Amino acid sequence: MAGLSSLAPVSSSVPNLGRLRQFVADMSDVVDQGDDEAAILAAGKVLLERLIAVDDWLPNEYARPHPERYQQYLLHCDSRERFSVVSFVWGAGQATPIHDHTVWGLVGVLRGAEYVESYRRAPSGFEYSAPPAVLQRGEVDAVSPRIGDVHRVSNGVEGGVSVSIHVYGANIGAVRRATYVPDGTPKPFISGYANTHLPNLWDRSK
């Protein structure tokens, strides 16, 4: 990806929440323009690439892995639930089941990498819709029922931790979705969130 070599982690004891605050404001402007999914994904991809280009803004408590399962932390939800921003944290060897989203989504890797297997329905269940791919740090991918909505994701860093930032076209933790076994049998679920409180993006006094 062009410009990826210029990306570099930045360590800081105080997260630069201004970056996330600006991203939220810019995404709000995008969804204010209407519900054209293709336009939202195109504009949102540019914004998310900009957000994950510098790693100095995510509070540590929203980047903590769990020893047994991946974590989904809510960072922001639009007041009308038009979009939400979450951090996914992957410990060593952790993966999702095959699952859908039912809404548009953008996924950008902030740290590490993600191994992505994309699927489509077939008479016997699901089959690969594309070869498995590794999403590297600084790269952004998109999903939606229109362009492809079913995948399985795992940590792309052996023995390490990966963190990705996701933007969805709804309050994703409250959306009824489904996981699937290989024969296509669905199991409904609502993901919820791992955190019990939100980062305070709006304190400008510091």
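Small disclaimer: the values here were computed from a predicted structure and weren't measured.

Cut-offs used in this document
- Per-chain numbering applies: the sequence of each chain, read as written, is numbered from 1 onward.
- Local features in this predicted model are restricted to residues whose pLDDT is 70 or higher, and side-chain atom pairs enter the listing and the counts only when it is 80 or higher, whereas totals over whole chains, interfaces and linings include all residues.
- Side-chain calculation: all heavy atoms of the structure are included, whereas hydrogens and water are not.
- Only DSSP runs of H or I reaching four residues or more are called helices, and only runs of E reaching two or more are called strands; each is numbered from the N terminus.
- Where accessible areas are quoted, they stem from the Shrake-Rupley method and a 1.4 Å probe; at the residue level, only the protein chains shown are allowed to cover.
- Within this scheme the basic residues Lys and Arg register as positive and the acidic residues Asp and Glu register as negative, but His and the chain ends are omitted.
- Just so you know, the charge point we use is NZ for Lys, CZ for Arg, CG for Asp and CD for Glu.
- Under the pairing criterion, centres of Phe, Tyr and Trp rings, with the six-membered ring standing for Trp, must be within 6.5 Å; the plane angle then separates stacked pairs below 30 degrees from edge-to-face pairs above 60, leaving the rest tilted.
- Relative accessibility thresholds used throughout: buried, under 20% of the residue-type maximum; exposed, over 50%; partly exposed, between the two (1.4 Å probe, protein chains only).
- By convention in these notes, a salt bridge is any Lys or Arg side-chain nitrogen within 4 Å of a carboxyl oxygen on Asp or Glu.
- Note on contacts: a residue pair is in contact if any heavy atoms of the two residues lie within 4.5 Å.
- Any N or O atom pair separated by 3.5 Å or less is treated as a polar contact, with the protein-specific requirement of one donor-capable and one acceptor-capable atom, and with residues adjacent in sequence counted only for side-chain atom pairs.
- Multiply 1.5 Å by the residue count of a helix minus one, and that product is the helix's expected span.

1. Focus on the overall build of the protein chain
Looking only at helices and strands, the protein chain features 2 helices and 14 strands. Along the longest, intermediate and shortest principal axes, the C-alpha atoms of the protein chain span 55 × 40 × 35 Å. Within the structure as shown, the protein chain displays about 10400 Å² of accessible surface, and the carbon and sulfur contribution to it stands at 51%. Across the protein chain, the mean location of the 19 positive side-chain charges is 4 Å away from that of the 23 negative side-chain charges.

2. Here we look at the packing of aromatic side chains
Counted by the stated rule, this structure contains 7 aromatic pairs. For the pair tyrosine 70 and phenylalanine 88, a centre-to-centre distance of 5.7 Å together with 15° between the ring planes defines the contact as stacked. Residue tyrosine 70 is located in the loop between β2 (54-55) and β3 (71-77), and its partner phenylalanine 88 is located in strand β4 (residues 84-90); the two are separated by 18 residues in the primary sequence. Look at tyrosine 70 and you get partly exposed, because its relative accessible area is 26%. We classify phenylalanine 88 as buried; its relative accessible area is 7%. Ring pairs connect the aromatic residues Tyr119, Phe126, Tyr128 and Tyr180, which therefore count as one cluster.

3. Description of the pattern of salt bridges
Any two side chains of opposite charge can pair, so long as their charged atoms come close to each other. Evaluation of the coordinates by the stated rule reveals 10 salt bridges. In this structure, arginine 50 and aspartate 26 form a salt bridge, with 4.0 Å as the shortest nitrogen-oxygen distance. Remark: aspartate 26 occurs in helix α1 (residues 17-32) and arginine 50 occurs in helix α2 (residues 37-52); sequence separation between them is 24 residues. Looking at aspartate 26, the relative accessible area reads 18%, which means it is buried.

4. As for the environment of serine 28
Its place among the elements puts serine 28 in helix α1. We classify serine 28 as buried; its relative accessible area is 17%. Taking the C-alpha atoms as reference, serine 28 lies 27 Å from valine 153; in sequence the two are 125 residues apart. Beyond its immediate chain neighbours, meaning those up to four positions away, serine 28 contacts Asp78, Arg82 and Phe83. Side-chain polar atoms of serine 28 contact the backbone oxygen of valine 24, separated by 2.9 Å.

5. Digging into the environment of glycine 192
Relative to the helices and strands, glycine 192 resides in the segment after β14 (186-189). Overall, glycine 192 belongs to the partly exposed group, its relative accessible area being 23%. Each C-alpha atom, one on glycine 192 and one on leucine 74, is 8.9 Å from the other, the two residues being 118 residues apart in sequence.

6. Some words on α2
Compared with the 22 Å implied by 1.5 Å per residue over 16 residues, the 22 Å span of α2 between its first and last C-alpha is a close match. Here α2 has its buried residues at Glu37, Ile40, Leu41, Gly44, Leu47, Leu48, Glu49, Leu51 and Ile52. Lining the buried residues of α2 we find α1, β2, β6 (105-111), β10 (140-143) and β12 (162-168).

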